[in-house]
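# Topology and contacts: notes
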Amino acid sequence: MSVLWSASRTRFSPHSELKLFFPETWCEKTKDIKKRRSSEADIPNHLCHEVETCYRLKMPEDFYHFWKFCEELDPDKPCDALQASIGLQLVGPYDILAGKHKKTSRGDVNFSLHWRFFYDPPEFQTVLTGDSKMQYHVGYFRDVPDELPVWVGENEAKKGCTISQVGDNIFAAVKLVLSRKLKELPDKKKSGILKAIDEKLTETAKKMGYSLEQKTVKIKQRDKKVVTKSFHGAGLVVPVDKNGVGYRELPETNASLKRICKAIVEAPNDDQRLKAFAPIQEMLTFVQFANDECDYGMGYELGINLFCYGSHYFHKIIGQLLPLAYNLMKRTLFAEIIEAHLADRREENVDQLAV
């Protein structure tokens, strides 16, 4: 099985998007790619390429630099370097850098679902996990699969779908977690280890030129492009031309749409549930009109909101709305991810490499 890789454009051919990922075969087939800042972190190019091949996503520079940072803290087990001190575990694409994908007995790993929690939309890619009871996790948020992440976010899946911005790089996200831990520490005398890590992280980030601010200029610029906040709060960005074509509002506010969803989910029987679905059916008609007139953002927004509500009653409609919206917006990988996620949407056991 082969994969076509363009070093100059750093993305895959359309043919490769249809294939599944097999860690022992495809993920290990690599070629030389252009040197970049990540290679300055002494991570072999073939490893960087293997990560991006498995996920079909280009990883930002801070991803690799943070790996080196954790290697310095724990050369033997970088993924566990922050576990004892602040309760964070490096996961997802870091598992590939650690070679964990080569140790699994599974031959059908879909890395798009690896550490994908229940409420994670296709735009979100988990790289750190924390409190397992709340399913706290940190990840990159991308508006477009062919581009680098726009920021780093956090979510507690046990609480709901909300994704909060924590910076535009992993160093900023971990800095925020460290700050919280230091404030919550009952015995300030035990803060020595946390302060030492905090100082080292701050020094490394400064040296590499990464901002530790939670709201950077880059994030503010992206926020200006948001057409609607959506249920998860991260906001949706869609291609809109100079004439405003690309997005039109749903006929319902977020609050009223949530009430409609609640009525459907809590309906006492199927007849009542069918009646409660009427407003959604009407919106689907509006989405069809919007798609005909190139306002693809409407179906995207409705699909994401129904996904974020979290009920299986909406899975069929989500499966109709989101893959189409993503494909119309030329975000094909996201279409594949949502289809795979709906077919295997888990509340637990999201580590795809676990035996």
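Here is what the cut-offs are and how they apply
Residues numbered from 1 in each chain as written. Predicted model: local features only at pLDDT ≥ 70, side-chain atom pairs only at ≥ 80, totals over all residues. Heavy atoms only, no water. Helix = DSSP H or I, 4+ residues; strand = E, 2+ residues; numbered from the N terminus. Buried < 20%, exposed > 50% of the residue type's maximum accessible area, 1.4 Å probe, protein only. Contact = heavy atoms within 4.5 Å. Areas by Shrake-Rupley, 256 points an atom, 1.4 Å probe, with all protein chains shown as cover. Disulfide = S-S within 2.5 Å. Expected span 1.5 Å × (residues − 1). Arc of directions from axis to C-beta. Salt bridge = Lys/Arg side-chain N within 4 Å of Asp/Glu carboxyl O.

Another point: the overall build of the protein. Scanning the protein for helices and strands turns up 14 helices and seven strands. Evaluated residue by residue, the protein yields a buried proportion of 54% over its 355 residues. When contacts within the protein are restricted to residue pairs at least 6 apart in sequence, those whose partners lie at least 24 apart make up 61%. Summing over all exposed atoms, the protein offers an accessible surface of approximately 16900 Å²; the carbon and sulfur share of this is 51%.

Glancing now at the state of the cysteines. Evaluation of the coordinates by the stated rule reveals zero disulfides. Here Cys 79 is not cross-linked by a disulfide; its sulfur's nearest cysteine counterpart is in Cys 70, at 8.2 Å.

Attention now moves to unusual backbone geometry. A positive phi is found at Trp 115, a non-glycine position, where the angle reads about 60°. You can see Trp 115 is positioned in the loop between helix H5 (93–97) and strand S4 (124–129). Unusually for a residue other than glycine, Gln 135 sits at a positive phi of about 55°. Note that Gln 135 resides in the loop between S4 and strand S5 (136–141). For Gln 135, a relative accessible area of 8% gives the class buried.

Along its 17 residues, helix H7 (residues 192–208) runs 24 Å from first to last C-alpha, staying within 8% of the 24 Å computed at 1.5 Å per residue. Regarding H7, the residues found buried are Leu 194, Ile 197, Asp 198, Leu 201, Thr 204 and Ala 205. When H7 is viewed along its axis, its buried side chains cluster within an angular range of 135° and face the same direction. Turned more than 90 degrees away from the buried face of H7 sit Glu 199, Glu 203, Lys 206 and Lys 207, all of them exposed. Residues of H7 that are buried in the fold lie against helix H3 (61–73), helix H4 (83–86) and helix H6 (170–184). Directly beyond the C-terminal end of H7, a positive phi value near 85° is found at Gly 209.

Attention now goes to the pattern of salt bridges. Counted under the stated rule, the structure contains 16 salt bridges. We note a salt bridge from Lys 68 to Glu 71, for which the minimum N-O separation is 2.6 Å. Here Lys 68 and its partner Glu 71 are both found in helix H3, three residues apart, which amounts to about one turn of the helix. Among the ionic pairs, Lys 262 bridges to Glu 266, the shortest N-O distance being 3.0 Å. Exposure remark for Glu 266: the relative accessible area of 52% places this residue in the exposed category.

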